[in-house]
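# Per-entry structural report
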Amino acid sequence: MIDPALYLIPVPLSDATRPIEVLPQPILEIVGQLRYFAVENIRSARRFIKSVDHGADISAMHFDVLDEHTDPVDVPAMLEPLRQGMPMGVISEAGCPGVADPGALLVEAARRENLDVRPLVGPSSILLGLMASGFNGQKFAFSGYLPIEPQARKRRLRQITERIRNERQTQIFIETPYRNNRLIAELAATLPGEFSLCVACELTAPSQEVRLMTLSKWRNASYDFSKRPAIFLLS
């Protein structure tokens, strides 16, 4: 039996990737022993659990939804099984729970109560993208989504420019997949041409694509990353 703790369970970044390809066997064994979960999406969480343990009795498991629409007031109640000595799992839609993910709210609540939290090994698009880029891995910042409002977006891009120039800090961010091409075109048109942009797309999947060029070259490049999960790195 595993210890009563809040286990943060990474999942594959792509549906085309089997859990066994990116998760160590001990992690898969932990998943097979859990019965209580807080998940970003119940359907995909059930599919993940079934892919880990084909004989899993999903009907005997309890799932709480923890997504971007969850009221923070409702989060602490999800920890009740753990308070009663039952181990719990947190499953994100993709990648690592708590990293650019609503699961951070549950971890915060558990920490306030001094409950045991155990992060498990698995794929993170942020780190994998950074590894694949060759950019500065000692000083980097992940900013999530760029602001949508035009003036706020301009300010953020100015900040990004200053941090790259003055601190040599790698800048990492994401975009809604159908806007990927538009984002690349915007960065190429507005930021210094000598900056390098790395687009790491569908990491760990058979369709993985990582492209790196200066922005001056991206301006005239042919590409199509539309509707494909990607992470963007600037240096």
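Structure shown above.
Residues numbered from 1 in each chain as written. Predicted model: local features only at pLDDT ≥ 70, side-chain atom pairs only at ≥ 80, totals over all residues. Heavy atoms only, no water.

## Notes on the packing of aromatic side chains
Under the definition given, this model contains five aromatic pairs. Judged by centre distance (5.4 Å) and plane angle (15°), the ring pair of Phe-37 and Phe-63 falls under stacked. Taken together, the residues span a long stretch of sequence, with Phe-37 in strand β2 (residues 36-39) and Phe-63 in strand β3 (residues 62-65) at a distance of 26 residues. Residues Phe-37 and Phe-63 agree in their burial class; the two are buried. Both rings, one in Trp-218 and one in Phe-225, keep their centres 6.4 Å apart while their planes meet at 55°; by these two values the pair is tilted. Judged by its relative accessible area of 1%, Trp-218 falls in the buried class. With a relative accessible area of 1%, Phe-225 lands in the buried category. Taken together through their ring pairs, the aromatic side chains of Trp-218, Tyr-223 and Phe-225 make up a single cluster. (Phe/Tyr/Trp six-rings, centres within 6.5 Å; stacked < 30°, edge-to-face > 60°. Helix = DSSP H or I, 4+ residues; strand = E, 2+ residues; numbered from the N terminus. Buried < 20%, exposed > 50% of the residue type's maximum accessible area, 1.4 Å probe, protein only.)

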